[in-house]
Amino acid sequence: MVCPYFAMCGLVLAGSAQPLSRAPFMECKGTEVIKRSTWENVHILVDKWPDIDLPHSRVIRKVLWAITHNQMLEQHAEDCGFALLVILLVALRAIDYDDGAEGARSAYLYLTQSLLPKLEPHFEAAALDGWKPDLTDLRIYPFLMGLRQHDCHGTMLKIYVYKLPELTRGVLHCHHGQWGIEALIPHWLRQGSCLTTNHEEADYFFVPWHTWCDRIVHKMNQSRREVSAVYIDLMKRKQELLPHWTKNEGHDHVFIFSDQGMNFFPEWRDYIPHSMFVVTEALTPRCGPSCFNAWKDFTVPGHTDYFRYRRMAMFNLPTDQRTLLLNFHGRHPGLNDLYKNNYVRGNIIRVFDGLEGVSVGGFTDDYFERMGASHFCLVPMGTSSWTNHLYEAFHAGCIPVILSDGFKVPFESFLDWPSFSVKWPMTDVSKNLHKFLLDTPLWLLRKMKAAVDAHACWFDWHQVSEPAQACSPYLGILRELERKKPAMPRTSGPFWQHEEKL
């Protein structure tokens with residue numbers, strides 16, 4: 001038997017051969033390929049499937065392979081269809097990363113068009129037996145599977161996305177975490193009407209690489225040199241891999257760097273000094289202001305996983321039902337050595353802990369509830385100037401109070417940040433801040449809360465399945481590209497000749 005989940009490998013199972021249930025698609029007697037005990041182990045994953053990581057997904061992928069290799073998909077669907085559903089949900093991530101997008105789409109379409117219609121009439125019985133998974137997170141899968149086309153919000157821009165398959169594997173896996181923008185942005189562009197394969201008409205050339213995802217999968221965390229080496233190799237082979245670089249000496253080429261990404265390619269000044277950078281933070285540690293040029297670069301929101309985002313949104317209470325003035329829960333000097341010199345977070349705990357109507361401290365199981373019950377969410381700097389706490393505040397409908405002087409917020413050129421947030425000097429985390437927030441009149445709390453909710457869509461990367469959107473981070477990116485296009489330097493290329501001979 002293939003152990004379907006690492007944590008279950010030592011699990012002692014009951015020896016009885018009685019079926020788990022006699023309801024349709026839930027007898028789970030087992031077959032000569034998949035034993036009954038495997039079905040029982042899969043049962044543990046029903047509520048966990050959206051957050052299963054790649055190594056565990058690969059283990060479940062082996063169970064699915066055993067079924068498909070023996071051409072017994074329908075037989076196992078009849079025996080334990082709800083377990084097969086969970087296996088497919090968990091295995092999709094590994095299929096996409098290891099076998100490619102076509103294989104993942106095939107499995108997804110079987111799941112949604114063949115298996116689910118058979119199971120849906122029996123959802124009520126499955127819920128009673130604990131076999132019905134929450135399928136809410138499937139909402140974003142049509143986009144992640146490359147099945148959702150869009151009109152790029154009507155932009156006139158034409159964007160070329162390089163095909164670099166070895167650097168862009170597994171969108172379904174690599175979109176997770178705050179670094180997911182490196183996968184999501186080029187993936188969104190590939191499905192839009194603004195995509196072009198004609199380099200002559202392209203306004204911009206995006207150079208994709210799932211940098212952070214590849215570092216984690218290939219265990220590259222120990223050395224920045226390994227990441228830098230990939231970029232250097234890419235640029236040394238630009239004639240082969242980036243053949244349109246010379247069109248404008250790289251000015252029109254766009255690189256996406258997530259959390260502290262510039263630190264992992266310190267040689268950027270030698271290879272891509274004139275290219276455009278899309279970043280989550282403008283002030284990168286050990287790199288400084290010189291790494292960000294407001295004339296060509298711009299910041300975008302960090303990414304929050306959908307299953308986390310929607311849980312925050314569940315607890316977004318109206319202003320009149322919020323019982324806390326402010327909250328902050330996360331890493332601080334008393335919990336983590338990386339934050340031992342972070343005086344901003346340290347002062348939050350020192351000044352506000354124990355005050356009435358205040359909730360501050362380390363991690364807590366009801367974090368989302370506390371955010372949704374707070375008028376203000378403190379957003380202190382992390383290990384660098386930026387932090388994803390800012391965008392989590394919007395998902396919870398909480399007015400953000402930014403305590404990071406170097407935090408350059410995204411889309412500042414067209415969003416009125418003072419109308420829905422507060423930016424306070426991080427050197428003054430004191431009772432002055434508490435009094436300022438406490439003195440905010442109710443009418444202004446309501447107004448700012450309404451503005452937070454109205455602007456939250458600019459920071460929500462998961463609206464991709466809607467047919468029309470008033471705002472989204474993708475629209476924000478297009479606006480920034482449109483705004484910067486007229487100022488982009490244009491060159492004649494490395495060589496030129498007379499077009500007509502006299």
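Residues numbered from 1 in each chain as written. Predicted model: local features only at pLDDT ≥ 70, side-chain atom pairs only at ≥ 80, totals over all residues. Heavy atoms only, no water.

- An unreviewed UniProt entry lists the chain under the name Exostosin GT47 domain-containing protein, with Effrenium voratum given as the organism.
- You can read under Sequence similarities (unreviewed entry) in the UniProt record for the chain the words "Belongs to the glycosyltransferase 47 family." (UniProt positions renumbered as here; feature names shortened; annotations may be inferred.)

### Focus: the sheet that holds strand S10 (residues 422–423)
Strand pairing in a sheet is mediated by backbone hydrogen bonds. Such pairs are either parallel or antiparallel.
Stage number 1. Across the sheet, 5 strands lie side by side as S7-S6-S8-S9-S10; this open sheet has parallel pairing. In this open sheet, the two edge strands, each paired with only one partner strand, are strand S7 (358–361) and S10.
Stage number 2. Summarising the sheet, strand S8 (residues 374–380) and strand S9 (residues 399–403) pair through 5 bridges and their orientation is parallel. Bridge pairing in S9 links Pro380 to Leu403.
Stage number 3. Its contacts with the sheet place helix H17 (residues 431–438) against strand S6 (324–329), S7, S8, S9 and S10, and it is angled at close to 135° to S6.
Stage number 4. In the packing of helix H18 (residues 442–455) onto the sheet, contacts are made with S8, S9 and S10, and the angle to S9 comes to roughly 90°. (Pairing = 2+ DSSP bridges. Helix = DSSP H or I, 4+ residues; strand = E, 2+ residues; numbered from the N terminus. Contact = heavy atoms within 4.5 Å. Axes fitted to C-alpha atoms, helices over the stretch in contact; angles between N-to-C directions.)

### Observations regarding helix H19 (residues 473–484)
Stage number 1. Over its 12 residues, H19 extends 17 Å from the first C-alpha to the last, a length consistent with the 16 Å expected when each residue adds 1.5 Å.
Stage number 2. All of the buried residues along H19 are Pro473, Tyr474, Leu475, Gly476, Ile477, Leu478, Glu480, Leu481 and Lys484.
Stage number 3. Among the structural elements, helix H6 (141–144), strand S1 (159–161), helix H8 (181–190), strand S2 (204–207), strand S4 (276–279) and strand S5 (298–299) are those in contact with the buried residues of H19.
Stage number 4. The distance from a side-chain oxygen at the start of H19 to the backbone nitrogen of Tyr474 is 3.2 Å, and the residue carrying that oxygen is Ser472. (Expected span 1.5 Å × (residues − 1). Buried < 20%, exposed > 50% of the residue type's maximum accessible area, 1.4 Å probe, protein only. Polar contact = N/O pair within 3.5 Å; in protein donor to acceptor, adjacent residues only side chain to side chain.)

### Some words on the environment of Gly357
Stage number 1. Mapped onto the elements of the fold, Gly357 is located in the loop between helix H14 (343–352) and S7.
Stage number 2. According to the relative accessible area criterion, Gly357 is partly exposed, its value standing at 24%.
Stage number 3. Note: C-alpha distance between Gly357 and Leu438 (81 residues apart in sequence) is 9.7 Å.
Stage number 4. Aside from chain neighbours lying at most four places away, what touches Gly357 is Leu324, Leu325 and Leu326.

### Details of the packing of helix H3 (residues 73–99) against helix H4 (residues 101–119)
Stage number 1. Packing of H3 against H4 brings their axes to within 10 Å, and their N-to-C directions diverge by 145°. At the point where H3 passes H4, the crossing takes the left-handed sense. On H4, the residues that touch Leu73, Glu74, Ala77, Gly81, Phe82, Leu84, Leu85, Leu88, Leu89, Leu92, Ile95 and Asp96 of H3 are Ala101, Gly103, Ala104, Ala107, Tyr108, Tyr110, Leu111, Ser114, Leu115, Leu116, Lys118 and Leu119.
Stage number 2. Per-class residue counts for the contact of H3 with H4 are 18 nonpolar, 3 polar and 3 charged. (Left-handed = near helix turned anticlockwise from the far one by under 90°. Nonpolar A, V, L, I, M, F, W, Y, C, P; charged D, E, K, R; others polar.)

### With respect to the nonpolar core
Stage number 1. Membership of the largest hydrophobic core comes to 119 residues, with the highest contact counts inside it found for Trp131, Phe206 and Leu378.
Stage number 2. Contact partners of Phe206, with chain neighbours within four places excluded, come to Ile159, Tyr160, Val161, Tyr162, Ile185, Leu189, Val254, Ile256 and Leu481. (Core = buried A, V, L, I, M, F, W, Y, C linked by side-chain atoms within 4.5 Å.)

### A few points about the state of the cysteines
Stage number 1. The tally for this structure, following the rule as stated, stands at 5 disulfides.
Stage number 2. Bridging Cys377 to Cys398, the disulfide has an S-S length of 2.2 Å. Its torsion about the S-S bond being 115°, the disulfide of Cys377 and Cys398 is classed as right-handed. Here Cys377, found in strand S8, pairs with Cys398, found in the loop between helix H16 (389–395) and S9; they are 21 residues apart in sequence, far enough to count as distant.
Stage number 3. For Cys377, a relative accessible area of 3% corresponds to the buried category. (Disulfide = S-S within 2.5 Å.)

### As for the packing of aromatic side chains
Stage number 1. Counting across every chain of the model gives 29 aromatic pairs.
Stage number 2. Here Tyr231 and Phe257 contribute two aromatic rings whose centre-to-centre distance is 5.7 Å and whose plane-to-plane angle is 45°, an arrangement assigned as tilted. On the criterion of sequence distance, the pair formed by Tyr231 in helix H10 (residues 224–236) and Phe257 in strand S3 (residues 253–257) is long-range, its members being 26 residues apart.
Stage number 3. Judged by its relative accessible area of 4%, Tyr231 falls in the buried class.
Stage number 4. Here Phe257 falls in the buried class, since its relative accessible area comes to 1%.
Stage number 5. Within the aromatic cluster, the residues linked to one another by ring pairs are Trp209, Tyr231, Trp245, Phe255, Phe257, Phe265, Trp268, Tyr271 and Phe277.
Stage number 6. The lysine or arginine in question, Lys296, covers the ring of Phe277, its NZ or CZ lying 3.9 Å from the ring centre. (Phe/Tyr/Trp six-rings, centres within 6.5 Å; stacked < 30°, edge-to-face > 60°. Lys NZ or Arg CZ within 6 Å of the ring centre and 35° of its normal.)

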